[in-house]
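Summary of the model geometry
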Amino acid sequence: MTKSRTGIWMSIALIIMIPASSLWSAEPVTLSKSQKVSDLAQLLNIIKDNYGPLAYKEQTLGINLKQLFAEFKPQVEATANDTEYYDVLSRVIARLQDTHFSLTRPDTRMAKLGFIAECIEGKAIITKVDPKILDDKVFPYGKGDELVTMDGKPVAEIAANLQALMSAGNPAFGKAYSYVFLTVRDGGAMPVPAGMCTLTIKPDGDDTQPETIELPWITSGRAVPSRPVSDDDVIGWNAGENSLCSREAGMRRHELPAASADAMIKVNPAVARAMGQFYHPIAKLGFDAMTGSEETETADEKPAMAHPSIVPGDAKEVPNAANLPAYIFKTEQGYIGYVQIPMFRFGAKTYIPILKEMYFTQGLIIDVRKNPGGSYGSATQLASLFMKKAVPFPKLAFRINRSWFLELGMALDNAAMFELTPVDVAGIQAWYDQSKSLWEQGKTFTPFYQVAATTNLKPNETFTYDRPKVVLIDQYCCSGADMFPSIIQDSQSAVLIGQQTSGAGGSVTMTGPLTHSEVGLYMT
């Protein structure tokens with residue numbers, strides 16, 4: 001049956017939140033050619049002086065920073081505006097194939113069409129429609145329908161262009177999120193469109209034909225205004241220079257050691273954020289887009305809705321203080337529990353009451369799909385609730401630089417604020433002394449350390465769910481959501497089902513911003 005579009009244009013007129021023309025009419029121009037080249041060199045020097053896996057990338061990918069400078073300098077000089085310049089920097093970072101490495105552009109613009117499509121079997125399949133933006137009259141499509149083209153271009157081509165701006169250790173991660181960002185664009189990570197978008201959508205079904213519809217990009221935020229630029233803006237810089245000089249990066253943020261995962265959780269939230277997190281910023285953007293959630297301190301609303309395909313409609317919800325998706329449902333084999341971990345931000349104390357309610361069940365589904373990561377302490381604590389046996393704590397090595405000494409010193413000088421035990425203080429002092437010795441020898445890496453005073457991560461002493469378990473994972477799982485299933489697998493505690501995770505190893509640190517463009521960096 002033909003789908004009605006009566007009154008569609010009247011409805012569209014009502015949903016345009018802010019006319020794009022009132023926000024931006026052209027891409028901003030604020031940087032001179034010499035400023036762009038200077039910031040490119042600074043980016044590569046930050047990588048040279050601060051990027052943890054650089055030696056590994058040099059060995060496995062043949063990364064050569066001077067060659068990258070020579071290759072991308074002409075591309076930088078050819079850019080006509082700031083957005084094109086940011087795209088070039090994104091492609092530089094993408095060469096490192098590191099899921100944890102991304103940049104944040106000084107741009108608050110956002111644009112969305114009101115629905116989400118995900119890559120399913122190589123097609124852009126609609127998985128969510130926001131009814132607050134698109135009602136049935138405006139958008140007579142829904143889950144299962146296929147987005148085929150946007151403004152005449154195949155969605156696969158557009159997704160490939162977006163994927164080229166993302167650094168990914170697992171290409172499936174970049175591809176997955178490039179499809180999510182087809183209809184949701186964040187100016188902090190990618191170019192932002194405006195105006196009307198012509199879409200071709202094929203309704204679900206074998207005998208359907210593609211249909212054409214126009215929707216406005218719903219826009220918010222503002223671009224930085226343009227200004228006059230001059231190539232003599234950089235003092236002491238020769239725009240033709242083809243060399244890299246050592247330059248110390250801005251302050252970095254590290255995850256500080258603790259006696260146990262519990263100590264990481266009880267640190268003041270503001271301090272915990274300053275110490276760095278095991279989550280991916282781009283994945284967090286995609287997580288919010290797909291689930292319609294925003295992380296809050298109080299978690300008054302559910303971080304994400306349970307997947308209908310997993311949880312039957314008559315499932316009993318398990319109430320909990322954090323309002324996390326948790327259900328019990330009956331099958332032919334008996335009762336099954338379901339708990340979703342949308343992000344690693346709560347400790348064991350939050351989940352134990354939920355799991356106790358499910359202890360009578362014959363099995364448990366632990367759903368970490370689309371999880372962008374979070375706290376190291378949360379991931380290890382939650383893993384301990386499901387473990388059959390102890391496994392070695394994950395180890396981390398740190399890049400030694402000036403900020404590393406300042407941060408270790410801060411921990412030693414503020415042990416009470418961080419609730420560090422005498423064992424913690426002794427361990428950090430040992431780190432400081434050993435790092436100082438290595439630094440004086442010209443070395444730039446610490447050995448691999450266990451970020452805990454104990455050698456092994458053990459099953460939780462208060463409670464463990466010891467019935468059969470499966471853990472659902474996918475290519476959207478990042479960082480802490482890479483580590484959690486790895487611990488579960490290493491301890492032979494559950495069966496993993498799904499797709500390979502993103503491969504975002506290590507702790508995310510913030511560096512920068514770059515001097516002229518004010519681009520910020522998230523890196524390993």
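Numbers given to residues run from 1 along each chain, matching the order in which its sequence is written. Predicted model: local features are reported for residues with pLDDT of at least 70 only, side-chain atom pairs are reported and counted for 80 or more only, and whole-chain, interface and lining totals are derived from all residues. Computation of side-chain values covers all heavy atoms of the structure but excludes hydrogens and water.

With that out of the way, let us pick up the overall build of the protein. Each helix is a run of DSSP H or I of at least 4 residues and each strand a run of E of at least 2, with the numbering of both proceeding from the N terminus. From N to C terminus, the protein includes 16 helices and 24 strands. Taking all 524 residues of the protein together, the buried fraction comes to 54%. Two residues form a contact once any of their heavy atoms are found within 4.5 Å. Of all intrachain contacts in the protein linking residues separated by at least 6 positions in sequence, the fraction that spans at least 24 positions is 75%. We call a residue buried when its accessible area falls under 20% of the maximum for its residue type, exposed when it is over 50%, and partly exposed in between, using a 1.4 Å probe and counting protein chains only.

Moving on, we get to the sheet that holds strand β1 (residues 102-104). Strand order in the open sheet formed by 3 strands is β1-β24-β23, and the pairing between neighbours is antiparallel. One side of each edge strand has no neighbouring strand; the edge strands of this open sheet are β1 and β23 (509-511). When the angles between neighbouring strand axes are averaged without regard to direction, this sheet yields 25°. Pairing between strands requires that DSSP locate at least two bridges from one strand to the other. Looking at chain direction, β1 and strand β24 (residues 520-523) are connected through 3 bridges and run antiparallel. Its bridge partner lying in β24, T104 is registered against G520. In this analysis, axes come from line fits to C-alpha atoms, helices being fitted only over the stretch in contact, and the angle between any two N-to-C directions falls in the range 0 to 180 degrees. Sheet strands in contact with helix α6 (residues 82-94) are β1 and β24, and its direction is about 155° off that of β1.

The sheet built from 6 strands is open, its strands ordered β12-β13-β14-β15-β21-β22 with mixed pairing. Bordering the open sheet on either side are β12 (316-317) and β22 (495-498), each of which pairs with just one other strand. Pairing geometry for strand β14 (residues 334-340) and strand β15 (residues 363-367), over 5 bridges, is parallel. Looking at the pairing, V339 lines up with I366 of β15. Contacting β13 (326-331), β14 and β15, helix α12 (residues 348-357) crosses the sheet at an angle of about 165° to β14.

Moving on: the pattern of salt bridges. Salt bridges are identified by distance alone: a Lys or Arg side-chain nitrogen within 4 Å of an Asp or Glu carboxyl oxygen. In the structure shown here, the tally under the stated rule is 10 salt bridges. A salt bridge links D107 to R109; the shortest N-O distance between them is 2.8 Å. We classify R109 as buried; its relative accessible area is 1%. Across the pair E118 and K370 runs a salt bridge whose closest N-O atoms are separated by 3.4 Å. Of this pair, E118 sits in strand β3 (residues 115-120) while K370 sits in the loop between β15 and β16 (373-374), and the two are 252 residues apart along the sequence. K370 sits in the buried class, given a relative accessible area of 14%.

Nonpolar side chains tend toward joint burial in soluble globular proteins. The biggest cluster of nonpolar side chains holds 42 residues, and the ones touching the most others in it are F115, F139, L147, M150, L182, L199 and L215. Contributing elements (two or more residues each) for this core: β3, β4 (123-129), β5 (146-150), α7 (155-163), α8 (171-180), β8 (196-202) and β9 (211-216). Residue contributions to this core peak at 5 residues, all from α8. When neighbours within four sequence positions are excluded, M150 is seen to be in contact with L113, V155, I158, L182, R185, C197, T198, L199 and W217. By nonpolar core we mean a set of buried residues, namely Ala, Val, Leu, Ile, Met, Phe, Trp, Tyr and Cys, connected to one another through side-chain atoms within 4.5 Å. In this structure, A326, L364, Y376 and L457 belong to the second largest nonpolar core, which totals 39 residues.

With respect to the helices and strands, the residue S378 is situated in helix α13 (residues 376-384). The class of S378 is buried, set by a relative accessible area of 0%. At 2.6 Å, the side chain of S378 and the backbone oxygen of F346 are in polar contact. Polar contacts, as used here, are pairs of N or O atoms within 3.5 Å; protein pairs need one atom able to donate a hydrogen and one able to accept it. Residues neighboring in sequence count only if both atoms are side-chain atoms.

Attention now moves to the packing of helix α5 (residues 65-78) against α6. Between α5 and α6, the shortest axis-to-axis distance is 8 Å and the interhelical angle comes to 165°. Relative to α6, the element α5 is oriented roughly antiparallel. Read as a crossing pair, α5 and α6 show a hand that is right-handed. Side by side, α5 and α6 meet where F72, Q75, V76 and A78 of the first sit next to E84, Y85, V88, R91 and V92 of the second. Just so you know how the angles are binned, under 35 degrees is roughly parallel, over 145 roughly antiparallel, 65 to 115 roughly perpendicular, and the rest oblique. When the near helix sits turned anticlockwise from the far one by under a right angle, the crossing is termed left-handed; a clockwise turn instead gives a right-handed crossing.

What follows deals with α7. For α7, the complete set of buried residues consists of V155, I158, A159 and L162. Projection of α7 onto a plane perpendicular to its axis shows the buried side chains occupying an angular sector of 100°, all on one side. Comment: arc refers to directions from the helix axis out to C-beta atoms.

So, on to unusual backbone geometry. Located in the positive-phi region is K370, a residue other than glycine, with phi close to 65°. Positive phi outside glycine occurs at Q492, with the angle close to 55°. By the secondary structure assignment, Q492 is in the loop between α16 (480-490) and β22. Residue class for Q492 comes out exposed when judged on its relative accessible area of 56%.

Working note: a packed helix pair is described by the angle between its axes plus the distance between those axes. Two numbers describe how helix α14 (residues 402-413) lies on helix α15 (residues 422-440): the axes approach to 10 Å, and their chain directions differ by 160°. Judged by the inter-axis angle, α14 sits roughly antiparallel to α15. In this structure, α14 crosses over α15, and the sense of that crossing is left-handed. On α15, the residues that touch R402, W404, F405, L408, G409, A411 and L412 of α14 are V425, I428, Q429, W431, Y432, S435, K436 and W439. When the residues that make up the contact of α14 with α15 are grouped by side-chain class, the tally is 10 nonpolar, 3 polar and 2 charged. When residues are grouped by polarity, Ala, Val, Leu, Ile, Met, Phe, Trp, Tyr, Cys and Pro land in nonpolar, Asp, Glu, Lys and Arg in charged, and all others, Gly among them, in polar.

All right, on to the environment of A124 then. Note on placement: A124 falls in strand β4. Residues A124 and A156 lie 32 residues apart in sequence; the distance between their C-alpha atoms is 8.1 Å. Non-local contacts of A124, meaning those with residues more than four positions away in its chain, are made with A117, E118, D145, E146, L147, V155, Y179 and L182.

On to the confidence of the model for the protein, then. Predicted confidence across the protein gives a mean pLDDT of 80, with 79% of residues reaching 70 or more. Per-residue confidence from the predictor is reported as pLDDT, a score between 0 and 100. Confidence drops under pLDDT 50 across residues 238-280; counting only partners more than four residues distant or on other chains, this segment forms 142 contacts. When the criterion is pLDDT under 50, residues 294-308 qualifies, and its contacts beyond four places in sequence or with other chains add up to 41 contacts.

Glancing now at the environment of A159. Relative to the helices and strands, A159 resides in helix α7. In this structure A159 comes out as buried when scored by relative accessible area, which is 1%. Taking C-alpha positions, A159 is 7.9 Å from F181, a pair spaced 22 residues apart along the chain.

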